[in-house]
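A look at the structure
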Amino acid sequence: MTQRDQSADQFGFETRAIHAGQAPDPNNGAVTIPIYQTSTYAQAGLGQPREGYEYSRTDNPTRTALQSALASLEGANYALCFASGMAAETTLLYLFKPGDHIICSDDVYGGTYRLFVRIFADYGLKFDFVDMRDPANVQNAMRPETKAVWLETPSNPTMKMVDIAAVAAIAHAGGAKVIADNTFATPYGTQPLKFGADIVVHSMTKYLGGHSDVVAGAVALNDQADYERLKYLQNAMGAIPGPMDCWLTLRGIKTLAVRMRAHEANAMQIAAFLAEHPAVDKLYYPGHPSHPQHELAAKQMCCFGGMISFTVKVGPEAAQRIVERTKLFALAESLGGVESLIEMPGVMTHASVAGSTLEVPANLIRLSVGIESVNDLLADLQQAMSGVEG
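Residue positions are given per chain, counted from 1 along the sequence in the order it is written. Note on the predicted model: pLDDT of at least 70 is required for a residue's local features to be given, and 80 or more for side-chain atom pairs to be given and counted; whole-chain, interface and lining totals, by contrast, use all residues. Derived side-chain values reflect all non-hydrogen atoms in the structure, with water molecules and hydrogen atoms excluded from consideration.

Concerning the overall build of the protein chain
- Within the protein chain, the secondary structure is distributed over 13 helices and twelve strands.
- Computation of the radius of gyration draws on C-alpha atoms alone. For the globule rule, the value is 2.2 Å times the number of residues to the power 0.38. Relative to its length of 390 residues, the protein chain is compact, with a C-alpha radius of gyration of 21 Å against a globular reference of 21 Å.
- Across its three principal directions, the C-alpha atoms of the protein chain cover 75 × 50 × 35 Å.
- Burial classes: relative accessible area under 20% of the type maximum marks a residue as buried, over 50% as exposed, and values in between as partly exposed (1.4 Å probe, protein chains only). Out of the 390 residues belonging to the protein chain, those deemed buried represent 56%.
- Working rule for contacts: check all heavy atoms of both residues, and any pair within 4.5 Å makes them a contact. Counting contacts in the protein chain only where the partners sit at least 6 residues apart, residues at least 24 apart contribute 71% of the total.
- Where accessible areas are quoted, they stem from the Shrake-Rupley method and a 1.4 Å probe; at the residue level, only the protein chains shown are allowed to cover. If you sum the accessible surface of the protein chain, you get close to 15,400 Å²; carbon and sulfur atoms cover 52% of it.
- In this tally Asp and Glu are treated as negative and Lys and Arg as positive; neither His nor the chain ends contributes. Charge positions come from single atoms, namely NZ of Lys, CZ of Arg, CG of Asp or CD of Glu. For the protein chain, the separation between the mean place of its 29 positive charges and that of its 40 negative charges on side chains is 3 Å. By the criteria applied, helices consist of DSSP H or I runs no shorter than four residues and strands consist of E runs no shorter than two, each listed in order from the N terminus.

A closer look at the packing of helix α10 (residues 256-276) against helix α13 (residues 374-385)
- Following both chains from N to C, one finds α10 and α13 inclined at 30°, their axes separated by 10 Å at the closest point. For the element pair α10 / α13, the angle class is roughly parallel. The way α10 lies across α13 gives a crossing that is right-handed. Of α13, the residues touching α10 (which contributes Asn266, Gln269, Ile270, Phe273 and Leu274) are Val374, Leu377, Leu378, Leu381, Gln382 and Met385.
- Only Asp, Glu, Lys and Arg are considered charged, only Ala, Val, Leu, Ile, Met, Phe, Trp, Tyr, Cys and Pro nonpolar, and every remaining residue, Gly among them, polar. Grouping the constituent residues of the contact of α10 with α13 by class yields eight nonpolar, three polar and no charged. Helix axes use the C-alpha atoms of the stretch in contact, all axes being lines fitted to C-alpha atoms, and the angles between their N-to-C directions lie in the range 0 to 180 degrees. In these notes the angle categories are as follows: under 35 degrees is roughly parallel, over 145 is roughly antiparallel, 65 to 115 is roughly perpendicular, and the rest is oblique. The sense of a crossing depends on the near helix, which, turned anticlockwise from the far helix by less than a right angle, makes the crossing left-handed and, turned clockwise, makes it right-handed.

Description of the packing of aromatic side chains
- Put simply, two rings from Phe, Tyr or Trp (the six-membered ring, in Trp's case) pair if the centres are within 6.5 Å, and we call them stacked under 30 degrees between planes, edge-to-face over 60, tilted for the rest. Summed over the entire model, instances satisfying the criterion amount to seven aromatic pairs.
- Look at Tyr41 and Tyr53: their rings are 5.5 Å apart centre to centre, the planes differ by 35°, and that puts the pair in the tilted class. Taken together, the residues span a long stretch of sequence, with Tyr41 in the loop between α1 (13-19) and α2 (61-74) and Tyr53 in the loop between α1 and α2 at a distance of twelve residues. There is no split in this pair, since Tyr41 and Tyr53 are both buried.
- Seen from their ring centres, Phe116 and Trp150 are 5.0 Å apart, and the 85° between their planes marks the pair as edge-to-face. Of this pair, Phe116 sits in helix α4 (residues 110-118) while Trp150 sits in strand β4 (residues 146-152), and the two are 34 residues apart along the sequence. Of the two residues examined, Phe116 and Trp150, each falls in the buried class.

With respect to the sheet that holds strand β1 (residues 78-82)
- One requirement defines pairing of two strands: DSSP has to find at least two bridges between them. Pairing in this open sheet of seven strands is mixed, and the strands run β1-β7-β6-β5-β4-β2-β3 from one edge to the other. Only two strands of the sheet have a single partner each, and these edge strands are β1 and β3 (126-130). Pairwise comparison of adjacent strand axes, ignoring direction, gives a mean angle of 20° for this sheet.
- As defined by bridge partners, strand β2 (residues 101-105) adjoins β3 across five bridges and the pair is classed as parallel. Within β3, the position partnered with Ile102 by the bridge is Phe127.
- In this fold helix α3 (residues 85-93) packs onto β1, β2, β4, β5 (177-181), β6 (199-203) and β7 (217-221), with an angle of close to 150° to the strand it touches most, β6.
- The sheet strands contacting helix α6 (residues 164-173) are β4 and β5, and the helix crosses β5 at an angle near 150°.

Describing the nonpolar core
- Ranked by size, the top nonpolar core spans 83 residues in total, and within it Leu92, Leu93, Trp150 and Val219 carry the most contacts.
- With six residues, α2 is the largest single contributor of residues to this core.
- As used in this record, nonpolar core signifies buried Ala, Val, Leu, Ile, Met, Phe, Trp, Tyr and Cys residues forming a set joined through side-chain atoms within 4.5 Å. Ranked by size, the runner-up nonpolar core spans 35 residues in total, among them Met161, Ala267, Ile270 and Leu367.

Notes on the sheet that holds strand β8 (residues 280-284)
- Reading across the sheet, the five strands line up as β8-β9-β12-β11-β10 and stay open at both edges, with mixed pairing between neighbours. Whereas interior strands pair on both sides, the edge strands pair on one side only; in this sheet they are β8 and β10 (330-331).
- In this structure, strand β9 (residues 307-312) lies alongside strand β12 (residues 364-368), joined through five bridges in antiparallel fashion. Opposite Ile308, over in β12, you have Leu367 as the bridge partner.
- Lying over the sheet, α10 contacts β8, β9 and β12, oriented at roughly 10° with respect to β9.

Description of the environment of Leu367
- Residue placement: Leu367 occurs in strand β12.
- Looking at Leu367, the relative accessible area reads 0%, which means it is buried.
- Spatially, the C-alpha atoms of Leu367 and Glu343 are 6.7 Å apart, while their sequence positions differ by 24 residues.
- Excluding anything up to four places from it in sequence, Leu367 contacts Ile270, Leu274, Gly306, Met307, Ile308, Phe310, Phe329, Leu341, Ile342 and Leu381.

Section: the side chain of His288
- By secondary structure assignment, the location of His288 is in the loop between β8 and α11 (294-300).
- In this structure the side chain of His288 is engaged in a polar contact, spanning 2.7 Å, whose partner is the side chain of Ser290.
- With near-sequence residues (within four places) excluded, His288 lies in contact with Ala271, Ala272, Ala275, Leu283 and His294. For this analysis, a polar contact is any N or O atom pair within 3.5 Å, provided that within protein one partner can donate a hydrogen and the other can accept it, and provided that sequence-adjacent residues contribute only side-chain to side-chain pairs.

What to know about the pairing of β6
- The buried count for β6 comes to five of five residues, which makes it a mostly enclosed element.
- Neither face of β6 is exposed, since Ile199, Val201 and Ser203 on one face and Val200 and His202 on the opposite face are all buried.
- Two strands pair when backbone bridges link them, and β5 and β6 are joined in this way by three bridges, in the parallel orientation. Across the sheet, Ala180 pairs through a bridge with Val200, a residue of β6.
- Relative to β7, β6 is paired through five bridges, and the arrangement is antiparallel. Within the sheet, the bridge partner assigned to Ser203 lies in β7 and is Gly217.

This is the structure we're talking about:
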């Protein structure tokens, strides 16, 4: 059972990111957790696994270390890691039964919407998508069969903020769990469990890994019964990360705090630049004072991160010219790596919501601001946006 390393609770975030669940190897003193590249384990006797390890689909020491570190950073009792963020979400949905109702934010990752509406709806789960910026919308959507409220904050891609505590109070009063996607904020930016969420889900591919070299997902939670059910599902379904993926993610987590501070510092300057650019119609960045929920973001987040979206006044053709002209910002999907990325969600990461109530504006550009020299990033945006006026 992967539990939070409570011996590390006395230490700060940066210390726990490096040490929680990662004690030096007792046999040889190695300070870095090894990559346990094995599928099975020799047992001491029949029914006598060493330290509980029998088969690497069930448990692997490298994965255990990552799960323990993540649980510590999220302030959770338990954590489980998966082959991808979507594998984590898929496993979570098996907590529910046909006829159960889930309320979801009306601005979420396109893959989440696709999983809900085009796959699990066929198996009897029911979904409603509401604007959670007003908690009253959640209250109005609650039904006797509502079993979960699923939120992103900040949301992907228009950076809507959700008052986690207010939504959790409504959900819990109706007997529903709160599941928070914390991919954008990261546990360095906020810990949703402290505000009343029951389960946190991550695409660790993004900021937690941080180097665009791994695909992985995770779930963190406090409830033992839910943990044991998810652990059973994880083993039975087999959507697990390999030990190399776990090792890469664990290495990335060690520098999460310093990277997030650098992402935020760059994003703040880029947001200020975009806010004044004549071609920009709307800026979406919780760290900028123009964001309508800036005060809520400051209350829930200690770091605003590196995700920025904005719309271009003159339309999608101009937006396409911008994303195809950048030189440092790579035109690519995903986010959260040390390098800067640029994309148009409407035809890339969120193409699956086209034609739905979640459809993304065609002139929306999303930036994943990296940790390069901010002057170089600003110059790149300036040249890419030159000649594009409002």
